[in-house]
Amino acid sequence: MRKFITIPQRLILDKSLGDKRVIVYSAIYFLNSKDLPSLASYSGYSTCRSQPGVLSQYKTVISSLVSQNYMKETGRGMVYNRPRSNFGIVTLAEFERIVEYRKVSKQDGKLPNHAVALLLLAYIRLRMIHSPDCPEMYSDLLSRISENTGLSARAVSLALDTLMELGIIYNEELPRYTGKDGQWHSSVRIFVNMESQTDENDWRENLSRAKELILCAQHGGKKVGIERP
């Protein structure tokens, strides 16, 4: 059983493919199918006749994925051109948790955009630092994330709420701080995985270390001034 997928940077940043680019790419891989109704249903979308737009969107995205050499069609299904570097990882468990969240929320009269949540998750994972000297983390402005992904600022904010509610990605805004240029920096957010890869490494500890490293790095390795709310 396929446990995770590596999503190439080029795809994550390809705004021309729309906000469903990651959910379609992932669904084909996890379901191991190219049947449009099956893919849409597996992804949490209704495939009834009243919603033909979803199938049309999936067909368009798949056609683009093939034409741009992200994958190719064979008699046995889709074959991926897997990236060796510069990718974001999404696990099967995370994919299914996000899809299920949409289904449950829909019953309560809400309709979270799970395609955007998956795209944002892949983007954050792509940007995360992986180093023996630093916990896995990423920091940036929401406006820059919005610009790079092609998502609206509101869509990014709502998707971040979803990822945090599901216990996948934690985010918070750092207090204003002075950088090595002597200027105040504000509205910077930090992101860490909420599920640790090792039993002894709690995500809250990672968060604390990451915040300290960011604030120190901005001032040449020295402690910086922090403006408390």
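See the structure shown above.
Residues numbered from 1 in each chain as written. Predicted model: local features only at pLDDT ≥ 70, side-chain atom pairs only at ≥ 80, totals over all residues. Heavy atoms only, no water.

Undergrad: Help me understand the pattern of salt bridges, please; the structure alone is not making it clear to me.
TA: Side chains that differ in sign of charge can pair as their charged atoms come close. Taken as a whole and judged by the stated rule, the model has seven salt bridges. With its nearest N and O atoms 3.9 Å apart, the salt bridge here joins aspartate 202 to arginine 204. Judged by relative accessible area, which is 34%, aspartate 202 ranks as partly exposed. Taking the relative accessible area as the measure of exposure, arginine 204 reaches 53% and is therefore exposed. (Salt bridge = Lys/Arg side-chain N within 4 Å of Asp/Glu carboxyl O. Buried < 20%, exposed > 50% of the residue type's maximum accessible area, 1.4 Å probe, protein only.)

Undergrad: How do you make sense of the pairing of strand S7 (residues 169-173) when you look at a structure like this?
TA: Residues in a regular strand project their side chains so that they alternate between the two faces of the sheet. Within S7, four of the five residues are buried, which leaves it mostly tucked inside the rest of the structure. As paired elements, S7 and strand S10 (residues 188-193) share five bridges and run antiparallel to each other. What sits directly across from isoleucine 169, in S10, is asparagine 193. (Helix = DSSP H or I, 4+ residues; strand = E, 2+ residues; numbered from the N terminus. Pairing = 2+ DSSP bridges.)

Undergrad: Where do I start with the nonpolar core in this structure?
TA: Side chains that are nonpolar tend, in soluble globular proteins, to be buried together. Within the largest apolar cluster, 56 residues are counted, with the highest numbers of intra-cluster contacts made by Ile7, Tyr25, Leu65 and Phe95. Discounting residues that sit within four places of it in the chain, leucine 65 has contacts with Leu11, Leu17, Val24, Tyr25, Tyr70 and Met71. (Core = buried A, V, L, I, M, F, W, Y, C linked by side-chain atoms within 4.5 Å. Contact = heavy atoms within 4.5 Å.)

Undergrad: Explain helix H7 (residues 142-149) to me, please; I cannot follow it from the model alone.
TA: Residue pairs three or four apart in sequence face the same way in an α-helix, which turns once every 3.6 residues. The complete set of buried residues in H7 reads Ile145, Ser146 and Thr149. Axial view of H7: buried residues confined to an arc of 100°, hence all on one face. Projecting away from the buried face of H7 at angles above 90 degrees are the exposed residues Ser143 and Glu147. Here the buried face of H7 lies against helix H2 (21-31), helix H6 (114-127), strand S6 (134-141), helix H8 (153-165) and S10. Among the residues trailing H7, glycine 150 stands out with phi positive, at a value near 80°. (Arc of directions from axis to C-beta.)

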